[in-house]
Amino acid sequence: MNEEFLWITTKLLHSKFLAQLDHFSEKLLQIFQSKGGVTGQKIKKILAIKDASDNINIRRERVLKSLVIYHNEDPNSLFKEYLLSAAEDAENDVATTVMGIYTFQRDEIGEPDDVGVVIEGMKVLTNVGSAITALPEPGLN
């Protein structure tokens, strides 16, 4: 798909997506913050974590998670987050995951200790830095 997008638009899909996400993030945040009810509470919790970090990839990840919640979907179906204090349970969960991006960290606010991709219960990428950098890039079909 990345090659077709490049051929049609002469632009890289991954970098174009991230540029557009950055461009529209402020407007999306305004929309998210106006959301009420249970969905609004979930989004506010995600965004509170985002506000504690200056890392652009963590901010992007939080905006994407908020977008998923805004559309009444479960972000935990793709983004798997675990605390290192529960590593054994987390490893068991990862082993039963069909596909996802996992994050291991010491606490909910800090930088991740390990981020990777799991497919059919196997870690296929590890230590990629953030959930955003775990997204497929052009040429990695």
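From a predicted model like this one, the values you see are computed outputs, not experimental measurements. (Residues numbered from 1 in each chain as written. Predicted model: local features only at pLDDT ≥ 70, side-chain atom pairs only at ≥ 80, totals over all residues. Heavy atoms only, no water.)

Trainee: Explain unusual backbone geometry to me, please; I cannot follow it from the model alone.
Mentor: Residues apart from glycine generally show negative phi values, whereas peptide bonds are mostly found in trans. The phi angle at Asn72 is positive, at roughly 60°, despite the residue not being glycine. If you trace the backbone, Asn72 turns up in the loop between helix H4 (56-70) and strand S1 (79-83). One non-glycine residue, Asn127, lies in the positive phi region at around 50°. Along the polypeptide, Asn127 turns up in the loop between strand S4 (122-125) and helix H6 (131-134). (Helix = DSSP H or I, 4+ residues; strand = E, 2+ residues; numbered from the N terminus.)

Trainee: Is there a simple way to explain the environment of Ala134 in this structure?
Mentor: For Ala134, the location among the structural elements is in helix H6. Since its relative accessible area comes to 9%, Ala134 is described here as buried. Spatially, the C-alpha atoms of Ala134 and Gly116 are 6.3 Å apart, while their sequence positions differ by 18 residues. Filtering out sequence-adjacent residues up to four positions away, Ala134 remains in contact with Ile101, Val117 and Val128. (Buried < 20%, exposed > 50% of the residue type's maximum accessible area, 1.4 Å probe, protein only. Contact = heavy atoms within 4.5 Å.)

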